[in-house]
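One letter stands for each residue in the lines below.
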Amino acid sequence: PAACALDVGKNYALVRQSRESASRGMKKMRTLVVVHATLVPPDDLAGYSDKQVEEWRTEYDVISTLRKAGHEVRCLGVSDSVAELRGMIAEWQPDIVFNLLEEFDGIVKYDQHVVAFLELMRQPYTGCNPRGLLLARDKPLCKQLLSYHRIPSPNFAVVRRGVKLKIPRKLKYPLFVKSATEDASLGIAQASIVEDPARLKERIQFVHEQVKSDALIEEYIEGRELYVAVLGNERLTRLPVWEMVFGTLGDSAAAIATRKVKWDKRYQQKHGITTHAALDLSPTIVARLDKLSRRIYRALGMSGYARMDFRVTPAGEVYVLEANPNPNLSEDEDFSQSALATDIAYAEMLD
């Protein structure tokens, strides 16, 4: 483990050196940033409230930083058609598309089709390829693949929408109920943790009727919530392990990343919810997280960059919760901050 820790340190130093050299010789590129149609940011923040800025913070951070780095940048909003995207690529011939889309036509798992379209256009792009997006977005399929590769994740069951409801009987309570396809904690609340069949049935119906997706049921894993960022294609770089600290929330409720925990600033301040570099992890756990993150990335055929979400129990057991291709890239979010912890500045990371 000590040798492993030294190797990781050397790797970070080598990555830093290689990225500095790459940055010095970086070609200034025609960059088409593709975002959701409602998230096209203004050129300047003046006159906008903090609440308004948060809606398109990632898009603004990426575009403004790329421009400051000297790249020629255009932004295109996409909703339910790729016609304008095709026209822009044909007319402007960008060197690269910086893909910030997280859905298409309001459906999260359709973002893979936009990336597949870019591949049909022979257009270089950032982020994950279509297959990796497909496998990671379909959480039940993802868990089946992880099981095949003997990568530990919580025991689970899927209750399909539109079929007769049958309560799974082999899983151990408490159980965690969420959407089988949605991301960004959509539909996740304290009520997602259930202790008995009656509450389980209620929450499954909620996911079916309100979130309008199949319901994924997992055995709830008590422990620390850790995030591991990975970037690369042929060669992978694992960034420092990050942790969500739930503050006072765990005193009165389940320590889970609900919608409010992830996105409600006031709620975060009230309970002291933060994320930062994980402290006091044993070298053995760090090495385990490193190995699992790389195996998951390869098993799902990912590319570009991703974040793996884990739970580590008090006994040191490691379980993967989700694999997230194309995670949030705003400057103050976990991925960028974990890169900064290895002296990779935000502009350098985007390059």
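Up top you'll find the structure we're talking about.
The structure contained in this document is the topic of the report that follows. None of these values were measured; they are calculated from a predicted model.

Points about a negative patch on the surface
Taken together, the side chains of Asp50, Glu54, Glu55, Glu331 and Asp332 make up a negatively charged region of the molecular surface. The topology assignment puts Asp332 in the loop between strand E13 (318-325) and helix H13 (334-340).

Describing the packing of aromatic side chains
For the structure shown, the criterion picks out 3 aromatic pairs. With a centroid separation of 5.3 Å and an interplanar angle of 90°, the aromatic rings of Tyr48 and Trp56 are classed as edge-to-face. The exposure class assigned to Tyr48 is partly exposed, which follows from its relative accessible area of 38%. Taking relative accessible area as the criterion, Trp56 reaches 8% and is therefore assigned buried. Taken together, a centroid distance of 5.5 Å and an interplanar angle of 65° make the contact between Tyr305 and Phe335 edge-to-face. With Tyr305 in strand E12 (residues 304-312) and Phe335 in helix H13, this residue pair connects regions lying 30 residues apart in the sequence. Taken individually, Tyr305 and Phe335 each receive the classification buried, so the pair is uniform in this respect. Among the aromatic side chains, those forming a connected cluster through ring pairs are Tyr48, Trp56 and Tyr60. For the cation-ring pair, Arg203 lies above Phe206, with the distance from its terminal atom to the ring centre recorded as 4.0 Å.

A look at the pairing of strand E7 (residues 215-219)
In terms of burial, E7 is largely enclosed, as 5 of its 5 residues are buried. Along E7, one buried face is formed by Ala215, Ile217 and Glu219 and the opposite face, lined by Leu216 and Glu218, is buried too. Pairing geometry for strand E4 (residues 156-159) and E7, over 4 bridges, is antiparallel. Within the sheet, the bridge partner assigned to Ala157 lies in E7 and is Ile217.

With respect to the nonpolar core
In this structure, Leu32, Leu85, Leu289, Ile296, Met302 and Phe310 are the most contacted members of the largest nonpolar core, which totals 44 residues. With 5 residues, helix H12 (residues 283-299) is the single largest residue contributor to this core. If sequence neighbours within four positions are ignored, Leu32 has contacts with Arg74, Leu76, Leu85, Met88, Ile89, Trp92, Pro94, Ile96, Val97 and Phe98. Residues Val33, Phe98, Leu231 and Leu329 belong to the second largest nonpolar core, which totals 19 residues.

Structural notes on the environment of Val261
Along the chain, the position of Val261 falls in helix H10 (residues 259-263). The class of Val261 is buried, set by a relative accessible area of 1%. Linking Val261 and Thr274, residues 13 residues apart in sequence, is a C-alpha distance of 9.3 Å. If we ignore the near neighbours within four places in the chain, the residues touching Val261 are Met244, Phe246, Leu249, Ile256, Tyr267, Gln268 and Ile273.

Brief notes about the sheet that holds strand E2 (residues 72-78)
Pairing is parallel in the open sheet, where 3 strands are placed in the order E2-E1-E3. Edge positions in the open sheet fall to E2 and strand E3 (96-99), since each of these has one partner strand only. Within the sheet, the average angular offset between the axes of one strand and its neighbour, ignoring direction, is 25°. The pairing of strand E1 (residues 30-36) with E3 spans 4 bridges and is parallel. Across the sheet, residue Val33 finds its bridge partner in E3, namely Phe98.

Overview of the packing of helix H4 (residues 83-92) against helix H5 (residues 111-120)
Remark: H4 packs on H5, axes separated minimally by 12 Å, with the N-to-C direction vectors making an angle of 30°. On the basis of their axis angle, the class for H4 and H5 is roughly parallel. When you trace H4 past H5, the crossing you get is right-handed. Between H4 and H5, the residues in contact are Leu85, Arg86 and Ile89 and Val114, Phe117 and Leu118, respectively. Considered class by class, the residues forming the contact of H4 with H5 number 5 nonpolar, no polar and 1 charged.

Notes on the environment of Ile285
As for its placement among the helices and strands, Ile285 is situated in helix H12. When the C-alpha atoms of Ile285 and Gly316 are compared, they prove to be 7.2 Å apart, with 31 residues separating the residues in sequence. With residues up to four places along the chain from it excluded, the contact list for Ile285 reads Val312, Gly316 and Val318.

Section: the packing of H5 against helix H6 (residues 130-137)
Running from amino to carboxyl end, H5 crosses H6 at an angle of 170°, the nearest separation of the two axes being 8 Å. When the axis of H5 is compared with that of H6, the two are roughly antiparallel. Contacts from Asp111, Gln112, Val115, Ala116 and Glu119 in H5 reach Pro130, Leu133, Leu134 and Arg137 in H6. Its residues placed into classes, the contact of H5 with H6 shows 5 nonpolar, 1 polar and 3 charged.

Focus: unusual backbone geometry
Cis rather than trans, the peptide bond between Tyr173 and Pro174 has omega equal to 0°. With respect to the helices and strands, the residue Pro174 is situated in the loop between E4 and strand E5 (175-179). Despite not being glycine, Arg122 has its phi angle at roughly 55°, a positive value. Within the fold, Arg122 resides in the loop between H5 and H6. Classification of Arg122 as exposed rests on a relative accessible area of 69%. At Arg150, a position not held by glycine, the phi torsion is positive, near 60°. Note on placement: Arg150 falls in the loop between helix H7 (139-148) and E4. The class of Arg150 is exposed, set by a relative accessible area of 74%.

Criteria and cut-off values
Here, residues in each chain are numbered from 1, in the same order as that chain's written sequence. Reporting of local features is limited, given that this is a predicted model, to residues whose pLDDT is at least 70; pairs of side-chain atoms are given and counted only at 80 or more, and all residues count toward the totals for whole chains, interfaces and linings. Side-chain metrics rest on all non-hydrogen atoms present in the structure, leaving aside hydrogens and water. What makes a patch is a set of residues exposed beyond 30% relative accessible area and free of salt bridges, joined within 9 Å when like-charged and within 5 Å when nonpolar (Val, Leu, Ile, Met, Phe, Trp, Tyr). Accessible areas in this description were obtained via Shrake-Rupley with a 1.4 Å probe; residue shielding takes into account the shown protein chains only. When a carboxyl oxygen of Asp or Glu is within 4 Å of a side-chain nitrogen of Lys or Arg, the pair counts as a salt bridge. Counted as positive: Lys and Arg. Counted as negative: Asp and Glu, with His and the chain ends omitted from the count. Where a charge sits is defined by one atom per residue type, namely NZ (Lys), CZ (Arg), CG (Asp) or CD (Glu). Note on conventions: DSSP H or I runs of at least 4 residues are helices, E runs of at least 2 residues are strands, and numbering of each starts at the N terminus. Geometry of aromatic contacts follows a simple scheme: Phe, Tyr and Trp rings, the Trp one being its six-membered ring, pair when their centres are within 6.5 Å, and the pair is stacked under 30 degrees between planes, edge-to-face over 60, tilted otherwise. A 1.4 Å probe rolled over the protein chains alone gives each residue an accessible area, and that area as a share of the maximum for its type sets the label: buried under 20%, exposed over 50%, partly exposed in between. Only lysine NZ and arginine CZ atoms are considered, and such an atom sits over a ring when it is within 6 Å of the ring centre and within 35 degrees of the ring normal. For two strands to be treated as a pair, DSSP must find no fewer than two bridges joining them. In these notes, a set of buried Ala, Val, Leu, Ile, Met, Phe, Trp, Tyr and Cys residues joined through side-chain atoms within 4.5 Å is what counts as a nonpolar core. Here, two residues are considered to be in contact whenever any of their heavy atoms come within 4.5 Å of each other. Axis angles are defined between N-to-C directions and span 0 to 180 degrees, where every axis is a line fitted to C-alpha atoms and, for a helix, only to the segment in contact. Each angle gets one of four labels, with under 35 degrees taken as roughly parallel, over 145 as roughly antiparallel, 65 to 115 as roughly perpendicular, and the rest as oblique. Put simply, a crossing is left-handed when the front helix is turned counterclockwise from the back one by less than a right angle, and right-handed when it is turned clockwise. Under this grouping Gly is polar, as are all residues other than the nonpolar Ala, Val, Leu, Ile, Met, Phe, Trp, Tyr, Cys and Pro and the charged Asp, Glu, Lys and Arg.

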